[in-house]
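# What the coordinates show
Take a look at the letters that make up each chain.
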Amino acid sequence: MHLAYPAVLAVLLFCVGLYGVLARRNAILVLMAVELMLNAVNINLVAFDVWLRDTLHAGQALTLFTIAIAAAEIGIGLAIVLLVHRNRGSSDIDGLRDLHESDGPPGGDSGGGSHVEKSPAPATDNDAESGSDQQVQGPAAGRRHA
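So, a few notes on the structure that sits alongside this text.

A few words now on the overall build of the chain. Counting its secondary structure elements, the chain contains 4 helices and 0 strands. Each helix and strand of the chain, placed in order from N terminus to C terminus, yields the pattern α-α-α-α. Across the chain, the fraction of contacts at a sequence separation of at least 24, relative to all contacts at a separation of at least 6, is 48%. Carbon and sulfur atoms provide 63% of the accessible area of the chain, an area that totals close to 11,400 Å².

Within this structure, the stated rule accounts for 1 salt bridge. Between Asp94 and Arg25 there is a salt bridge; the shortest N-O distance is 3.2 Å. Of this pair, Asp94 sits in the loop between helix 3 (58–88) and helix 4 (125–130) while Arg25 sits in the loop between helix 1 (4–23) and helix 2 (27–52), and the two are 69 residues apart along the sequence. Judged by relative accessible area, Asp94 falls into the partly exposed class, the value being 29%.

If you trace the backbone, Pro6 turns up in helix 1. Judged by relative accessible area, Pro6 falls into the buried class, the value being 10%. Expressed as a C-alpha distance, the spacing of Pro6 and Ile43, which sit 37 residues apart in the sequence, is 6.7 Å. Pro6 has contacts with Met1, Ile43, Asn44 and Ala47, leaving out every residue within four places of it along the chain.

With that settled, the discussion passes to the packing of aromatic side chains. Throughout the structure, instances matching the rule amount to 1 aromatic pair. Aromatic pair Phe48 and Trp51: ring centres 6.1 Å apart, planes at 85°, arrangement edge-to-face. Residue Phe48 and its partner Trp51 are located together in helix 2, separated by 3 residues, close to a single helical turn.

Time to look at the packing of helix 1 against helix 2. The geometry of helix 1 relative to helix 2 is characterised by a closest axis approach of 8 Å and an angle of 160° between their N-to-C directions. In this view, helix 1 runs roughly antiparallel relative to helix 2, as classed from their interaxial angle. As helix 1 runs across helix 2, the sense of the crossing is left-handed. Contact with helix 1, carried on its side by Pro6, Ala7, Leu9, Ala10, Leu13, Phe14, Val16, Gly17, Leu18, Gly20 and Val21, involves Val30, Ala33, Val34, Leu36, Met37, Ala40, Ile43, Asn44 and Ala47 of helix 2 and no other residues of that element. For the contact of helix 1 with helix 2, a count of residues per class yields 17 nonpolar, 3 polar and no charged.

Helix length check: helix 1, at 20 residues, gives a terminal C-alpha distance of 28 Å against a target of 28 Å (1.5 Å per residue), a fit within 8%. Taken as a whole, helix 1 has its buried residues at Pro6, Ala10, Gly17 and Gly20. The buried side chains of helix 1 occupy one side of the element, clustering within an arc of 90° when seen end-on. Structural note: helix 1 exposes Leu12, Tyr19 and Leu22 on the side pointing more than 90 degrees away from its buried face. Among the structural elements, helix 2 are those in contact with the buried residues of helix 1.

Rules behind the numbers
Residues numbered from 1 in each chain as written. Predicted model: local features only at pLDDT ≥ 70, side-chain atom pairs only at ≥ 80, totals over all residues. Heavy atoms only, no water. Helix = DSSP H or I, 4+ residues; strand = E, 2+ residues; numbered from the N terminus. Contact = heavy atoms within 4.5 Å. Areas by Shrake-Rupley, 256 points an atom, 1.4 Å probe, with all protein chains shown as cover. Salt bridge = Lys/Arg side-chain N within 4 Å of Asp/Glu carboxyl O. Buried < 20%, exposed > 50% of the residue type's maximum accessible area, 1.4 Å probe, protein only. Phe/Tyr/Trp six-rings, centres within 6.5 Å; stacked < 30°, edge-to-face > 60°. Axes fitted to C-alpha atoms, helices over the stretch in contact; angles between N-to-C directions. Parallel < 35°, antiparallel > 145°, perpendicular 65-115°, else oblique. Left-handed = near helix turned anticlockwise from the far one by under 90°. Nonpolar A, V, L, I, M, F, W, Y, C, P; charged D, E, K, R; others polar. Expected span 1.5 Å × (residues − 1). Arc of directions from axis to C-beta.

Right, here's the structure in full:
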């Protein structure tokens, strides 16, 4: 058997999978396209293992690991897709862009990051050692009294 036949089949499968990843909007179809790409890699691994007559059959062993990783990826991927479909009613990938966090709160404050309230006078180790456990409110909060 020539090496060209499985190599051409693997290239065709990989190209179909790449097209599916780039062109599809449904998350399940994208996961299926990724599986096509992984299967193309598996075909190449086995074909080169047979062509090189490897006594350890490293290509076939690596193919088994790839299949196991692909099964785990599909399990986690489908769980995420089902959760998104349950919450949003659609598994459209373009709708997932709304999941990222914005730079600021929705009120238009451009302070950056999340809004966290800061205490006026944080306690330090020196305050605990000197016995000044009282907090001063107002403009004198930053000053220390001797």
